[in-house]
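Chains, contacts and geometry: an overview
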Amino acid sequence: MADLATFGGDDLSRFGDTIREIPKAHSAMEPSARAVVDFLWDELGLDAALVRLYKTHRFGQLPHDLQLFAGALSGGVPAPDVRCLTLLATRGVEEAWNDRRASEGHKAIPLPNAEFVERLPMVAGLVRQLGLEPEDVVAPERGRVTELAQRTYGVFHVPEAAGSPYVPAQDFVERHGIRSAVGFGGVLYTGDFFAVVLFARVHVPERAAETVRVLSLATRVALLPFGSRVFED
């Protein structure tokens with residue numbers, strides 16, 4: 001097991017090697033994403049309270065149940081091309097956090113425009129700290145998709161979660177003793193954004209967060225091979 005507060009080069013090498021092997025055992029993106037999150041959860045142990053992996057997905061290509069959820073959340077039926085921030089995998093200390101279908105508010109969040117992203121403090125903070133603009137997530141320019149997919153990204157790091165505007169659910173922070181939040185991710189060749197977000201019960205210093213950031217490269221490898229084969233059912 002690894003100590004998230006002191007996550008270093010040896011941890012990075014071991015985690016990266018394991019995550020890059022994950023897609024070989026799966027035939028769709030969702031189970032591969034779930035295996036990534038399961039591995040992180042098992043290895044980080046009591047350091048983590050919640051680990052989640054998100055990916056944007058066009059509304060028109062979502063399964064019917066997620067279309068219903070996204071439509072209800074937005075108060076109408078989004079256009080087919082509207083990207084939705086979709087929860088692919090989740091593990092946490094509460095039972096409901098161990099199945100994406102049990103999520104009450106995060107199954108599929110429509111992102112109709114950049115202005116809407118700005119109204120979601122954690123999403124906007126995650127996008128910007130990684131080095132993107134909301135427009136890159138909502139509707140990336142076709143000519144820039146390859147460049148975005150090959151870029152090296154930063155890290156979403158909230159060293160002190162208590163009182164932070166980037167973690168609006170302060171009741172969650174207090175109830176589960178959340179000290180820090182760390183997120184990493186990037187853009188796939190489809191133009192879709194992906195991110196892993198970790199909520200830690202230990203303080204994660206900047207140096208450890210910067211090392212965790214590099215796991216975005218291995219995670220992209222775990223998501224890339226499946227193309228349009230995203231959901232397993």
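Structural notes, computed from the coordinates. Not measured: the values here are computed from a predicted model. (Residues numbered from 1 in each chain as written. Predicted model: local features only at pLDDT ≥ 70, side-chain atom pairs only at ≥ 80, totals over all residues. Heavy atoms only, no water.)

1. What to know about the sheet that holds strand E1 (residues 48–58)
Spatially, six strands are ordered E3-E2-E1-E6-E5-E4 in an open sheet, and the strand pairing comes out antiparallel. Strand pairing shows two members of the sheet lacking a second neighbour, strand E3 (108–110) and strand E4 (156–158), which therefore form its edges. In this sheet, neighbouring strand axes are inclined to one another by 20° on average, regardless of whether the strands run parallel or antiparallel. Bridge count for E1 against strand E6 (residues 193–200) is seven bridges, and the pairing is antiparallel. Paired with leucine 53 across the two strands is valine 196, which belongs to E6. The sheet strands contacting helix H9 (residues 206–213) are E4, strand E5 (180–187) and E6, and the helix crosses E5 at an angle near 30°. (Pairing = 2+ DSSP bridges. Helix = DSSP H or I, 4+ residues; strand = E, 2+ residues; numbered from the N terminus. Axes fitted to C-alpha atoms, helices over the stretch in contact; angles between N-to-C directions. Contact = heavy atoms within 4.5 Å.)

2. A short note on the packing of aromatic side chains
Inspection of every chain in the model, using the stated rule, returns five aromatic pairs. Between tryptophan 97 and phenylalanine 172, the aromatic rings sit 5.6 Å apart at their centres with planes inclined by 75°, giving edge-to-face as the arrangement. Here phenylalanine 172 lies in helix H8 (residues 170–176) and tryptophan 97 lies in the loop between strand E2 (83–92) and E3, a separation of 75 residues in the sequence. In this pair, the class of tryptophan 97 matches that of phenylalanine 172, namely buried. A centroid spacing of 6.3 Å and a plane angle of 85° characterise the contact between phenylalanine 156 and tyrosine 166, whose relative ring orientation is edge-to-face. With phenylalanine 156 in strand E4 and tyrosine 166 in the loop between E4 and H8, the pair connects residues that are ten residues apart, well separated along the chain. Given a relative accessible area of 34%, tyrosine 166 falls into the partly exposed group. (Phe/Tyr/Trp six-rings, centres within 6.5 Å; stacked < 30°, edge-to-face > 60°. Buried < 20%, exposed > 50% of the residue type's maximum accessible area, 1.4 Å probe, protein only.)

3. A closer look at the side chain of aspartate 136
Note on placement: aspartate 136 falls in helix H6 (residues 134–138). Take aspartate 136: its relative accessible area is 9%, and that puts it in the buried class. The contacts of aspartate 136, once residues within four sequence positions are left out, are Arg144 and Leu148.

4. Describing the environment of glycine 183
The topology assignment puts glycine 183 in strand E5. Taking relative accessible area as the criterion, glycine 183 reaches 0% and is therefore assigned buried. Between the alpha carbons of glycine 183 and glycine 154 there is a distance of 9.1 Å; along the sequence they are 29 residues apart. Non-local contacts of glycine 183, meaning those with residues more than four positions away in its chain, are made with Leu126, Leu130, Val155, Phe156, Val196 and Val197.

5. Comments concerning H9
For H9, every residue scored as buried is listed here: Ala208, Ala209, Thr211, Val212 and Arg213. Against helix H1 (9–21), E4, E5, E6 and helix H10 (215–223) lie the buried residues of H9.

6. Structural notes on the pairing of E2
Counting buried positions along E2 yields nine of ten residues, so the element is predominantly enclosed. Pairing of E2 with E3 involves three bridges; the strand directions are antiparallel. Bridging from a neighbouring strand, leucine 85 pairs with isoleucine 109 of E3.

7. Quick word on the packing of H1 against helix H2 (residues 29–44)
Running from amino to carboxyl end, H1 crosses H2 at an angle of 150°, the nearest separation of the two axes being 10 Å. Judged on the interaxial angle alone, H2 and H1 are roughly antiparallel. In the packing of H1 onto H2, the handedness of the crossing is right-handed. Counting all contacts with H1, which are made through Arg14, Phe15, Thr18 and Ile19, the residues of H2 involved are Val36, Phe39, Leu40, Glu43 and Leu44. Here the contact of H1 with H2 is composed, by residue class, of six nonpolar, one polar and two charged. (Parallel < 35°, antiparallel > 145°, perpendicular 65-115°, else oblique. Left-handed = near helix turned anticlockwise from the far one by under 90°. Nonpolar A, V, L, I, M, F, W, Y, C, P; charged D, E, K, R; others polar.)

All quantities given are derived from atomic positions and should not be read as evidence of function.
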